[in-house]
Amino acid sequence: MTFLPDLAVLAAFTLAAAILTITPGPDMTLFMSKTLQQGRAAGAAAVIGAASGIVVHSLFAALGISALLAASATAFAVLKYAGAAYLIYLAVQALRSGSALALEEGAGKQEPLSKVWLQGLTINLLNPKIVLFFVTFLPQFVSATDPHAAGKLLFLGFYFILLAVPSCLAMVFGASAFARFLKSSPKAMRAFDWAFAGIMGTFALKLLAARAAAN
């Protein structure tokens, strides 16, 4: 199947996706807070909403990057360099600022699940950092000379969702214990920051080293 990346690329992407999924951020704050306030159904609705936003980002990223690749291999290379720089920026920010997980607990206003889903969709769909991340992260896993790059980009986007949704739903079902663990263990939060920074920095440096060797 031409849309499948090779095993080494898939293994690297799986590791990166796993670290990204468990790194606290705005979407995790939303679905964990909704779970603690309204119950697991609301938390699951927020997860599905956030995943729906990722579907849209995956489609637009794959189509846009593929169009860029078809237009100019040089422009695609520039995008990958810009992506490497952005990944390094994210790594530095993770170490400087740390993960953001400000949970709202206690009984809150009971909102319809459709509204909670829409909040999850919006928090990912309108987040410029998510847009930048998908546009710069996915290209690191395809080659400018690969005629099947578009299919592979789409596959990786949906594969990310396939990995993330079960993990996030598991957090929803264990929300209370998971929230207590994160809030009571600064070392664990810092470990997430270092893991995230390590993954982002490694991919960026690997790209830059490969480019330098090719020149």
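The paragraphs below set out a description of the structure included in this document. (Residues numbered from 1 in each chain as written. Predicted model: local features only at pLDDT ≥ 70, side-chain atom pairs only at ≥ 80, totals over all residues. Heavy atoms only, no water.)

## Quick word on the pattern of salt bridges
Opposite charge on two side chains makes pairing possible when the charged atoms of those side chains draw close. Worth spelling out the cut-off: We count a salt bridge whenever a side-chain nitrogen from Lys or Arg sits within 4 Å of a carboxyl oxygen from Asp or Glu. Comment: elements are numbered from the N terminus, with helices defined as DSSP H or I runs of at least four residues and strands as E runs of at least two. Buried means the residue's accessible area, taken with a 1.4 Å probe over protein chains only, is under 20% of the maximum for its type, while exposed means over 50%, and partly exposed covers the values in between.
Using the criterion set out here, one finds two salt bridges in the structure. Of the charged contacts in the structure, one is a salt bridge between Glu111 and Lys34, with a shortest N-O distance of 2.6 Å. With Glu111 in the loop between helix H4 (73–97) and helix H5 (113–125) and Lys34 in helix H2 (residues 26–38), this pair connects stretches of sequence that are 77 residues apart. Given a relative accessible area of 14%, Glu111 falls into the buried group. Taking the shortest distance from any N to any O, the salt bridge between Lys115 and Glu111 comes out at 3.8 Å. By relative accessible area, Lys115 is classed as partly exposed at 39%. Taken together, the salt bridges that share partners define one network made up of Lys34, Glu111 and Lys115.

## What to know about the environment of Glu111
As a reminder of what qualifies: Residues are treated as being in contact if the distance between any of their heavy atoms lies within 4.5 Å.
Residues Glu111 and Lys34, 77 residues apart in the sequence, show an inter-C-alpha distance of 9.4 Å. Excluding residues within four positions of it along the chain, Glu111 makes contact with Lys34, Gln38, Val116 and Gln119.

## Considerations on the side chain of Lys34
Put simply, the test is: The term polar contact refers here to a pair of N or O atoms within 3.5 Å; inside protein, the definition further demands a hydrogen-donor-capable atom paired with an acceptor-capable atom, and it admits residues adjacent in sequence only when both atoms are side-chain atoms.
Classification of Lys34 as buried rests on a relative accessible area of 9%. A distance of 3.3 Å separates polar atoms of two side chains, one belonging to Lys34 and the other to Gln119. In contact with Lys34, other than residues within four places in its own chain, are Gly39, Ala42, Gly43, Glu111, Val116 and Gln119.

## Concerning a nonpolar patch on the surface
Keep this limit in mind: Patch members must show over 30% relative accessible area and no salt bridge, and they are joined within 9 Å when carrying like charges or within 5 Å when they are nonpolar side chains of Val, Leu, Ile, Met, Phe, Trp or Tyr. What sets the accessible areas is the Shrake-Rupley method with a 1.4 Å probe; for residues, cover comes only from the shown protein chains.
A surface patch of nonpolar side chains, amounting to about 260 Å² of accessible area, comprises Ile48, Trp117 and Leu118. Note on placement: Leu118 falls in helix H5.

## Concerning helix H1 (residues 7–22)
Rule in force here: Given a helix with a known number of residues, its expected span is that number minus one, times 1.5 Å.
With 16 residues, H1 extends 23 Å from end C-alpha to end C-alpha; this agrees with the ideal 22 Å at 1.5 Å per step. Looking at H1, one finds that the buried residues are Leu10, Phe13, Ala16, Ala17, Ile19, Leu20 and Thr21. Where H1 begins, one side-chain oxygen reaches toward the backbone nitrogen of Ala8, 3.2 Å away; that side chain belongs to Asp6.

## Remarks on the nonpolar core
For the record, the criterion: We define the nonpolar core as a collection of buried residues of types Ala, Val, Leu, Ile, Met, Phe, Trp, Tyr and Cys that are connected through side-chain atoms lying within 4.5 Å of one another.
Judged by nonpolar contacts, the single largest core of 53 residues is most densely connected at Phe13, Phe31, Phe133, Phe137 and Met200. At the level of secondary structure, the elements contributing two or more residues to this core comprise H1, H2, helix H3 (40–71), H4, helix H6 (128–137), helix H7 (149–173), helix H8 (175–184) and helix H9 (186–214). The leading source of residues in this core is H7, at eleven residues. In contact with Phe31, not counting residues within four places along its chain, are Gly43, Ala46, Val47, Cys168, Met171 and Val172.

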